[in-house]
Amino acid sequence: MKAVQIVDLSGPDTALRVQDIPEPEPSHMLSPGSGVVVDVRAAGVSFPEVLQTRGEYQLKPPLPFVPGSEVAGIVRSAPEGAGVQEGDRVAAFCALGGFAEVAVAPEFLTFPLSDELDFAQGAGLILNYHTAWFALRLRGRLTDGETVLVHGAAGGVGTAAIQVTKGLGARAIAVVSTDAKERVARDAGADEVVRSDGAWKDEAKELSGGGVDVVLDPVGGDRFLDSLRSLGEGGRLVVVGFTGGSIPEVKVNRLLLNNTEVVGAGWGAYVMPKPDLNREIGTAVNRLVDDGFVRPIVGARFRPEQAADALKLIDERGATGKVVLEFRD
Ligand SMILES: NC(=O)c1ccc[n+]([C@@H]2O[C@H](COP(=O)([O-])OP(=O)(O)OC[C@H]3O[C@@H](n4cnc5c(N)ncnc54)[C@H](OP(=O)(O)O)[C@@H]3O)[C@@H](O)[C@H]2O)c1
């Protein structure tokens, strides 16, 4: 089968090769001896693959290896008792091995893909939307009628967070850096958009009538302090990532004075050992698809031979929505 491999750790420009390699066995490291085999139509591209080309991600398989954490495609085979069967359209989280014509995922991380979504959208469904649901609902305890401030709102996690916020009956204020990203955030369904180089903290407080209930933060860096200041009483700042580069520190007296919380949301580490929780989140996200709230925004599509361009788009802050590799039309 055709696959994109990382062959060295020299960065996205030079570390990738398209190779012909044997197809994988129906077994996954999270479910040894068992797995759903998927004929891949599209693979999602994300920050971790960029880091993997430099050896900077926590998961460090021996070289060469096939990266790619999530795919959409058609089930070729499934273990007995799985919720999907041969011929089903699915979205699947495989952790590694997704940049290939055939990939394997555990059955508890393989979900039916609605006919409302194409395969490219399906390849953007699990990492971003499961993270958004986990971060907002489980960790951030978001309820209807509340207001969420979403950083990096035109990105993969950001656009997903806007749509999950709307699906949970809450209001979304998006923070973005450019006009083009403002359009993406509005297309994703943001109620309001503020600019990261403007007075976004004061605007968010005004738009929310005194302070937001939840901040969803995949960016970190120097905007963290103003994120805390934008929270209303009882507000929760949910830490999701650090695309801004630096890891912020917080003086905890601020939390005491304003009765606020900082909450960590690390989706993978929390959900991977909990098959039932994955099924629960999968069902919740698919319900939001059925109800019309979740429509993954595909910002760029590449062929496998262009994988370096896909990774560089993310690395250079140019990505909007989800970046995908399309393996078959
Ligand atoms: N905690 C979890 O479980 C979990 C799960 C999935 C992903 N993540 C993490 O969440 C983060 C966001 O992922 P994503 O897929 O949404 O990424 P993305 O699509 O590339 O979006 C990231 C956004 O961050 C903003 N940003 C600010 N400063 C940046 C900089 N110096 N370089 C690049 N972007 C910058 C950009 O928005 P503006 O230009 O508008 O500022 C960009 O749109 C990543 O760190 C990822 O590893 C965490």
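Residues numbered from 1 in each chain as written. Predicted model: local features only at pLDDT ≥ 70, side-chain atom pairs only at ≥ 80, totals over all residues. Heavy atoms only, no water.

**Considering the pattern of salt bridges**
With the rule as written, the count across this model stands at 21 salt bridges. Taking the shortest distance from any N to any O, the salt bridge between E23 and R76 comes out at 2.7 Å. Remark: R76 occurs in strand 4 (residues 70-77) and E23 occurs in the loop between strand 2 (16-20) and strand 3 (36-45); sequence separation between them is 53 residues. Among the residues examined, R76 registers a relative accessible area of 33% and is labelled partly exposed. The shortest N-O distance in the salt bridge between R76 and D39 comes to 3.0 Å. Pair noted here: R76 is in strand 4 and D39 is in strand 3, with a separation of 37 residues, a long-range link. Since its relative accessible area comes to 17%, D39 is described here as buried. One network of salt bridges, in which partners are shared, links D179, E182, R186 and R195. (Salt bridge = Lys/Arg side-chain N within 4 Å of Asp/Glu carboxyl O. Helix = DSSP H or I, 4+ residues; strand = E, 2+ residues; numbered from the N terminus. Buried < 20%, exposed > 50% of the residue type's maximum accessible area, 1.4 Å probe, protein only.)

**Notes on the nonpolar core**
Soluble globular proteins tend to pack their nonpolar side chains together in the buried interior. Residues L125, L136 and I162 are the most contacted members of the largest nonpolar core, which totals 56 residues. Among the elements that make up this core, the one with the highest residue count is helix 3 (residues 126-139) (eight residues). With near-sequence residues (within four places) excluded, L136 lies in contact with R141, L142, V148, A161, V164, T165, L168, V214 and L216. Listed in part, the 40 residues of the second largest apolar core include V66, V90, V104 and L311. (Core = buried A, V, L, I, M, F, W, Y, C linked by side-chain atoms within 4.5 Å. Contact = heavy atoms within 4.5 Å.)

**Notes on the layout of surface pockets**
To locate leftover empty space, one rolls a probe as large as a water molecule over the atoms. Roughly 280 Å³ of volume is contained in the second largest pocket. Forming the boundary of the second largest pocket are 15 residues, of which P24, V66, L96, G97 and V104 lie nearest the centre. (1 Å grid on protein atoms, 1.4 Å probe; cavity = no way out; pocket = protein on both sides within 12 Å on 5 of 7 lines; lining within 4 Å. Points joined across faces, edges and corners; volume = space filled by probe spheres on them.)

**Observations regarding the site of the ligand**
In the vicinity of the ligand, 21 residues are found, and the nearest of them are V157, S177, K181, A265 and W267. Separating an oxygen atom of the ligand from a backbone N or O atom of G156 is a distance of 2.8 Å. Within the backbone of A265, a nitrogen or oxygen atom sits 2.7 Å from a nitrogen atom of the ligand. Here the ligand has 910 Å² of accessible area as a free molecule, and 85% of this is covered by the chains. The set of elements that each furnish at least two residues to the shell around the ligand consists of helix 3 and helix 4 (156-167). Each residue belonging to the shell around the ligand can be placed in one class, and the counts come to ten nonpolar, eight polar and three charged. (Near = heavy atom within 4 Å. Polar contact = N/O pair within 3.5 Å; in protein donor to acceptor, adjacent residues only side chain to side chain. Areas by Shrake-Rupley, 256 points an atom, 1.4 Å probe, with all protein chains shown as cover. Nonpolar A, V, L, I, M, F, W, Y, C, P; charged D, E, K, R; others polar.)

**Observations concerning the packing of helix 3 against helix 4**
At a minimum axis separation of 8 Å, helix 3 and helix 4 run at an interaxial angle of 55°. The pairing of helix 3 with helix 4 is recorded here as oblique in orientation. Crossing hand, helix 3 versus helix 4: right-handed. Facing helix 3, whose interface residues are N128, Y129, A132, W133 and L136, helix 4 presents G156, V157, T159, A160, A161, Q163, V164 and T165. Split by residue class, the contact of helix 3 with helix 4 holds eight nonpolar, five polar and no charged. (Axes fitted to C-alpha atoms, helices over the stretch in contact; angles between N-to-C directions. Parallel < 35°, antiparallel > 145°, perpendicular 65-115°, else oblique. Left-handed = near helix turned anticlockwise from the far one by under 90°.)

**Structural notes on the side chain of E49**
With respect to the secondary-structure elements, E49 resides in helix 1 (residues 47-52). No salt bridge is formed by the buried E49. Its closest oppositely charged neighbour is K322, at 6.4 Å. Within polar-contact distance, the side chain of E49 engages the backbone nitrogen of S69 at 3.5 Å. Excluding residues within four positions of it along the chain, E49 makes contact with I6, G44, P67, G68, S69, F99 and L311. (Lys, Arg positive; Asp, Glu negative; His and termini not counted.)

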